[in-house]
Amino acid sequence: MRTLSKASAVAVVLLGSAAAQERPEVTPLDAIEAAARQGMDATGAKGLAFGFVEDGEVVGVRVLGDRNADGEPLTGRTVMYGASLTKAAFAYMVVQLAEEGVIDLDEPIPTYLSEPLTAYDGDPWVYAPYATLAGDDRWRRITPRMLLMHSAGFANFWFLEPDRGLHIHFEPGSRYAYSGDGFILMQYVLEKGLGLDVGEEMDARVFEPLGMTRTGMIWREDFADDLADGWTMEGEPVPHDDRSKVRAAGSMDTTITDVARFAAGLVRCENLSSDSCAQLTAPSLPITTPAQFPTLTEELPADERRADLSAGLGVVTFEGPQGPAFYKGGHDENTGNTLVCLKERRDCVVILSNDVRAEAAFPSIVEAALGETGAPWAWEYSSLKLER
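Residues numbered from 1 in each chain as written. Predicted model: local features only at pLDDT ≥ 70, side-chain atom pairs only at ≥ 80, totals over all residues. Heavy atoms only, no water.

### What about the sheet that holds strand 2 (residues 57–65)?
Now for step 1: Across the sheet, 8 strands lie side by side as 2-1-12-11-10-9-8-7; this open sheet has antiparallel pairing. In this open sheet, the two strands that pair with only one neighbour each are strand 2 and strand 7 (285–286).
Now for step 2: Of the pairings in the sheet, the one linking strand 1 (residues 47–54) to strand 2 comprises 8 bridges and is antiparallel in character. Residue pairing for strand 2: F50 is matched across the bridge by R62.
Now for step 3: Strand contacts of helix 4 (residues 85–99): strand 10 (323–332), strand 11 (335–342) and strand 12 (347–353), with the helix running at about 125° to strand 10, the strand carrying the most contacts. (Pairing = 2+ DSSP bridges. Helix = DSSP H or I, 4+ residues; strand = E, 2+ residues; numbered from the N terminus. Contact = heavy atoms within 4.5 Å. Axes fitted to C-alpha atoms, helices over the stretch in contact; angles between N-to-C directions.)

### Some words on the pattern of salt bridges
When the charged atoms of two side chains lie near each other, side chains of opposite charge can form a pair.
Now for step 1: By the definition in use, this model includes 23 salt bridges.
Now for step 2: For E171, the salt bridge is made with R141, and the minimal N-O distance between the two is 2.9 Å. Here R141 lies in the loop between helix 4 and helix 5 (144–148) and E171 lies in the loop between helix 5 and helix 6 (180–193), a separation of 30 residues in the sequence.
Now for step 3: Take E171: its relative accessible area is 35%, and that puts it in the partly exposed class.
Now for step 4: By relative accessible area, R141 is classed as partly exposed at 41%.
Now for step 5: Among the charged side chains, a salt-bridge network with shared partners connects R67, E72, R77, R214, D225 and D226. (Salt bridge = Lys/Arg side-chain N within 4 Å of Asp/Glu carboxyl O. Buried < 20%, exposed > 50% of the residue type's maximum accessible area, 1.4 Å probe, protein only.)

### Observations concerning the packing of helix 4 against helix 7 (residues 198–207)
Helix-helix packing is characterised by the crossing angle of the two axes and by the distance between the axes.
Now for step 1: Running from amino to carboxyl end, helix 4 crosses helix 7 at an angle of 85°, the nearest separation of the two axes being 10 Å. As the angle between them shows, helix 4 and helix 7 are arranged roughly perpendicular. Facing helix 4, whose interface residues are A89, F90, Y92, M93, Q96 and L97, helix 7 presents V198, E201, M202, R205 and V206.
Now for step 2: Class assignment for the residues of the contact of helix 4 with helix 7 results in 8 nonpolar, 1 polar and 2 charged. (Parallel < 35°, antiparallel > 145°, perpendicular 65-115°, else oblique. Nonpolar A, V, L, I, M, F, W, Y, C, P; charged D, E, K, R; others polar.)

### Description of unusual backbone geometry
Now for step 1: At the junction of F293 and P294, the peptide bond is cis and its omega measures out at 0° in the coordinates.
Now for step 2: Secondary-structure assignment places P294 in the loop between strand 7 and strand 8 (310–311).
Now for step 3: If you check the backbone angles, H150 has positive phi at about 60° while not being a glycine.
Now for step 4: Looking at the element boundaries, H150 is found in the loop between helix 5 and helix 6.
Now for step 5: Located in the positive-phi region is N271, a residue other than glycine, with phi close to 65°.
Now for step 6: Examined against the element boundaries, N271 turns out to sit in the loop between helix 8 (256–267) and helix 9 (274–281).

### As for the pairing of strand 12
Now for step 1: Within strand 12, 7 of the 7 residues are buried, leaving the element largely enclosed by the surrounding structure.
Now for step 2: Of the two faces of strand 12, both are covered, the one formed by D347, V349, I351 and S353 as well as the one formed by C348, V350 and L352.
Now for step 3: By the bridge criterion, 5 bridges tie strand 1 to strand 12 in an arrangement that is antiparallel. In the strand pairing of strand 12, F52 is matched with V349.
Now for step 4: Here 7 bridges tie strand 11 to strand 12, and the two strands are oriented antiparallel to one another. Bridge pairing links N337 to L352 in strand 12.
Now for step 5: Where strand 11 folds back on strand 12, the antiparallel hairpin that results is connected by 4 residues, among which R346 adopts a positive phi of roughly 60°.

Structure, rendered in structure tokens:
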């Protein structure tokens, strides 16, 4: 059993001295729960679930609080919105395809398309309005690797642009700028170029092999019996969005039990060679901005950048006091999620919250689970004005 940090031990005492005296040994799950309860009290968050992975195996999951405004409790099988944790799972699937030679991560995307990307005139709510790239041939230089490490040059989503068009803002591959539309374009290449069904591929290559039985890229009727709604920053409840379209940028519904299994599979390189797995979590492109959002934030001067912060494929990598690590966040108006893993120890913590206010508590919860990791919280959650 791992030795708890001083901060973790103090957090456990918050559960009550009598409870502490009854236990001769405090488990990591107890320490995480103590920090989670303290964080929920401080932020007002209504619901939070976490899972802990030690040496590539799930130690356990715990759930706290409510899944809806009726006060029904969260459970280990409650379906919650995965948000952008979807991107990490999708990248894991794409790297499997690359390992099998189905796709080359460094081959420009026109290789896989039977007609120019700009000829697409379908529903932009499925993909994006690619015709707006006409006249800018830089799209022909974009590769799958660029898309998975957020360096294609797009804004986060086309509908956030002033003219509601898709545009390339810098030379593809030259810098990091978070983009959901990059992942949607990768989905387009697989579906329109290679004829694959991304939902089916995710089921067959990620969810089923890892035992993620209550996870899907679109809504399933069997989710309805134990389902989480959400809460906004203002504390307003919001019904669960039953997503009917596969979107690689963030349509995944999942449970804390399932996403803990995903983290364990990812950190132990399940169904991937060591070389392919290393590509997922290797520091592939320096991150040069002061914050993740806004997406197209100006780059910092070289001497002000965090030198260890880089893009992997579908994740962000960093170097902390315990060595190399990676993480992925997930967020919308009423959801806050995170996954943090230490590569050498193969330890991870995953947090799903159906209340976006919980994000302010994530640094302390992760520290209770893993000790000081060096995770770039201030960069990830710049709007919360965190100190680190």
